[in-house]
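# What the coordinates show
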Amino acid sequence: PTEMPTATPTPAPFISGSAAYLTDADSGRVLYSMNSAQPLPIASVTKIMTAIVTIENANLNQGVTVQQADLDQVPTGASTAGLVVRDYFRVRTLLDALLLRSGTDASLVLARIVAGSTDNFVAMMNNKAQALGLSHTHFSNPHGFAASNHYSSAADLVTLATYAMRNPTFAGVVGLS
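Bear in mind that the values here come from a model prediction, so they are computed numbers and not experimental data.

### Notes on the overall build of the chain
Within the chain, the secondary structure is distributed over 7 helices and 4 strands. When the elements of the chain are put in sequence order from the N terminus, they spell out β-β-α-β-α-β-α-α-α-α-α. Seen through its principal axes, the chain has C-alpha atoms that stretch 80 × 30 × 30 Å. Within the chain, the fraction of its 177 residues that count as buried is 37%. Of all intrachain contacts in the chain linking residues separated by at least 6 positions in sequence, the fraction that spans at least 24 positions is 58%. Only carbon and sulfur atoms are counted for the fraction: they give 52% of the accessible area of the chain, which is about 9,700 Å². Charged side chains of the chain number 9 positive and 11 negative; the gap between the two group centres comes to 7 Å.

### Quick look at the environment of Ala147
Its place among the elements puts Ala147 in the loop between helix 5 (118-131) and helix 6 (154-165). Of the residues examined, Ala147 reaches a relative accessible area of 34% and is grouped as partly exposed. Sequence separation of Ala147 and Ser16 is 131 residues, and the distance between their C-alpha atoms is 24 Å. Ignoring anything within four residues of it in the chain, the contact list for Ala147 reads Ser140 and Asn141.

### Brief notes about the pattern of salt bridges
Tallying each qualifying case throughout the model produces 3 salt bridges. Arg112 is the partner of Asp70 in a salt bridge, and the nearest nitrogen-oxygen pair spans 2.7 Å. Taken as a pair, Asp70 in helix 2 (residues 68-72) and Arg112 in helix 4 (residues 104-115) lie far apart in primary sequence, 42 residues in all. The burial state of Asp70 is the same as that of Arg112; both residues are buried. Note that Asp96 is salt-bridged to Arg92, the shortest N-O span being 2.5 Å.

### Points about the packing of helix 4 against helix 5
A pair of packed helices can be characterised by two numbers: the angle between their axes and the separation between those axes. Helix 5 packs onto helix 4 with a crossing angle of 85° between their chain directions and a minimal axis gap of 8 Å. As summarised for this structure, helix 4 and helix 5 are arranged roughly perpendicular, according to the angle between their axes. Across from Leu108, Leu110, Ala111, Val114 and Ala115 in helix 4, the residues of helix 5 making contact are Thr118, Asn120, Phe121 and Met124. Looking at the contact of helix 4 with helix 5, its residues break down into 7 nonpolar, 2 polar and no charged.

### Section: helix 3 (residues 91-100)
Val91, Leu94, Leu95, Ala97 and Leu98 are the residues of helix 3 that are buried. What you see down the axis of helix 3 is that its buried residues fit within an arc of 160°, all on one side. Each element contacted by the buried residues of helix 3 is listed here: helix 1 (46-57), strand 3 (63-65), strand 4 (88-90), helix 4 and helix 7 (168-174). Taken from the residues just after helix 3, Ser102 is the one with a positive phi, measuring 50°.

### What about helix 6?
Over its 12 residues, helix 6 extends 16 Å from the first C-alpha to the last, a length consistent with the 16 Å expected when each residue adds 1.5 Å. Along helix 6, the residues that are buried comprise Ala154, Ala155, Asp156, Leu160 and Ala164. Its buried side turned inward, helix 6 meets strand 1 (20-23), helix 1 and helix 7.

What counts and what doesn't
Residues numbered from 1 in each chain as written. Predicted model: local features only at pLDDT ≥ 70, side-chain atom pairs only at ≥ 80, totals over all residues. Heavy atoms only, no water. Helix = DSSP H or I, 4+ residues; strand = E, 2+ residues; numbered from the N terminus. Buried < 20%, exposed > 50% of the residue type's maximum accessible area, 1.4 Å probe, protein only. Contact = heavy atoms within 4.5 Å. Areas by Shrake-Rupley, 256 points an atom, 1.4 Å probe, with all protein chains shown as cover. Lys, Arg positive; Asp, Glu negative; His and termini not counted. Charge placed at Lys NZ, Arg CZ, Asp CG, Glu CD. Salt bridge = Lys/Arg side-chain N within 4 Å of Asp/Glu carboxyl O. Axes fitted to C-alpha atoms, helices over the stretch in contact; angles between N-to-C directions. Parallel < 35°, antiparallel > 145°, perpendicular 65-115°, else oblique. Nonpolar A, V, L, I, M, F, W, Y, C, P; charged D, E, K, R; others polar. Arc of directions from axis to C-beta. Expected span 1.5 Å × (residues − 1).

In structure tokens:
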């Protein structure tokens, strides 16, 4: 009789970070998890939620003028898209600046256009996080620059990214990079 080969377990991947969460994109099956519910700082990954809230709540063809008050909120050292006061863009173009240039300035202009203020926009971000079941996520700003009470988990970020990539507008923008 021929012996069946014995399967050897796949070794755990080398992970240098604090947390990881790997799923099969088609089935959603969890392939690997390490500290996946641990809330951690998320930096510019925040801009995924900023984009989703914008896409779902704004007219992407609306024209927008950059205001000094928008630029005054950009933290020192934050990445920007180089927006200038009185620049005029469509919301869709600001999404490009947000996601392709990691534009903190673009995130603040979008927050104002969508919600009237950064605080109102952040509330919308947190409401969307709740609606998506992101139980280890909380936003304090639309750009991800370090702030207290601004965090997410690896598992929540996979859920958010999966949701975002199902949106044709979001997928189209990030597909440009």
